[in-house]
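Spelled out from the first residue to the last, the chains are:
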Amino acid sequence: EDHGEEELSEKAQEELQQLLRDLRNIREDFATVNCLDLTSRSKLAGLPARVALRTMGLLGTGYSFFMEGIKKPAATLATRSANAKFK
C-alpha cells in the first residue's frame, strides 16, 4: 500500500498538484533541454504522471531534470522510466 500522499504536508500537496497541472509543459521543457528525439518524446508523453515526474527528476531522489553529459538520452530516459515505475 502506498500511503505517501497522506503523509505529504499541505504545501507539498499543493506543489505536487501544480506539477501535475503543468505536466504537459514540463514534459516539453524536459524534452527540449535534454535533446530528446521524437520517439523519446512520445514515450515520455505516454508515461503515467507520477512516473513521468520521477523520470524527469521532479519527484523522488536520484535524478536531475537536466541530464548533463549524457551521450545517449533515449537510453537514459528508458532506464529512468523503467526504474521510476517501481518506486
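Further up the page is the structure itself.
Residues numbered from 1 in each chain as written. Predicted model: local features only at pLDDT ≥ 70, side-chain atom pairs only at ≥ 80, totals over all residues. Heavy atoms only, no water.

### Points about helix α2 (residues 23-33)
Here comes step 1: Of all the positions in α2, only Leu23, Ile26, Arg27, Phe30 and Ala31 are classed as buried. Taken end-on, α2 shows its buried residues confined to a sector of 135°, consistent with a single buried face. Within α2, the exposed residues directed more than 90 degrees away from the buried face are Arg24, Asn25 and Thr32.
Here comes step 2: Positioned one or two residues after α2, Cys35 has a phi angle of 55°, which is positive. (Buried < 20%, exposed > 50% of the residue type's maximum accessible area, 1.4 Å probe, protein only. Helix = DSSP H or I, 4+ residues; strand = E, 2+ residues; numbered from the N terminus. Arc of directions from axis to C-beta.)

### Some points on empty space enclosed by the protein
Here comes step 1: Enumeration according to the criterion identifies one cavity of 30 Å³ or more in this entry.
Here comes step 2: When its volume is computed, the largest cavity comes out at roughly 40 Å³.
Here comes step 3: Arg54, Leu59, Gly60, Thr61, Tyr63, Ala84 and Lys87 are the residues that line the largest cavity.
Here comes step 4: The class makeup of the residues in the lining of the largest cavity is three nonpolar, two polar and two charged. (1 Å grid on protein atoms, 1.4 Å probe; cavity = no way out; pocket = protein on both sides within 12 Å on 5 of 7 lines; lining within 4 Å. Points joined across faces, edges and corners; volume = space filled by probe spheres on them. Nonpolar A, V, L, I, M, F, W, Y, C, P; charged D, E, K, R; others polar.)

### Some details on the pattern of salt bridges
Here comes step 1: Evaluated as defined, the whole model comprises two salt bridges.
Here comes step 2: Two residues, Lys11 and Glu15, come together in a salt bridge whose shortest N-O distance is 3.5 Å. Taken together, the residues span about one helical turn, with Lys11 and Glu15 both in helix α1 (residues 10-21) at a distance of four residues.
Here comes step 3: Classification of Glu15 as partly exposed rests on a relative accessible area of 44%.
Here comes step 4: As a salt-bridge pair, Glu28 and Arg41 come within 3.4 Å of each other at their nearest N and O atoms. Taken together, the residues Glu28 in helix α2 and Arg41 in helix α3 (residues 38-46) connect sequence positions 13 residues apart.
Here comes step 5: Classification of Glu28 as partly exposed rests on a relative accessible area of 44%.
Here comes step 6: According to the relative accessible area criterion, Arg41 is partly exposed, its value standing at 25%. (Salt bridge = Lys/Arg side-chain N within 4 Å of Asp/Glu carboxyl O.)

### Description of the packing of aromatic side chains
Here comes step 1: The tally for this structure, following the rule as stated, stands at one aromatic pair.
Here comes step 2: With 5.3 Å between their ring centres and 75° between their planes, Phe30 and Phe65 make a pair best called edge-to-face. With Phe30 in helix α2 and Phe65 in the loop between α4 (49-55) and α5 (73-84), this pair connects stretches of sequence that are 35 residues apart. (Phe/Tyr/Trp six-rings, centres within 6.5 Å; stacked < 30°, edge-to-face > 60°.)

### Notes on the nonpolar core
Here comes step 1: The biggest cluster of nonpolar side chains holds 15 residues, and the ones touching the most others in it are Phe30, Leu36, Leu44, Ala52 and Met56.
Here comes step 2: Ranked by residue count, the leading element in this core is α2, at four residues.
Here comes step 3: The contacts of Leu44, once residues within four sequence positions are left out, are Arg27, Phe30, Leu36, Ala52, Met56 and Leu77. (Core = buried A, V, L, I, M, F, W, Y, C linked by side-chain atoms within 4.5 Å. Contact = heavy atoms within 4.5 Å.)

Purely geometric stuff here, so don't read any function into it on its own.
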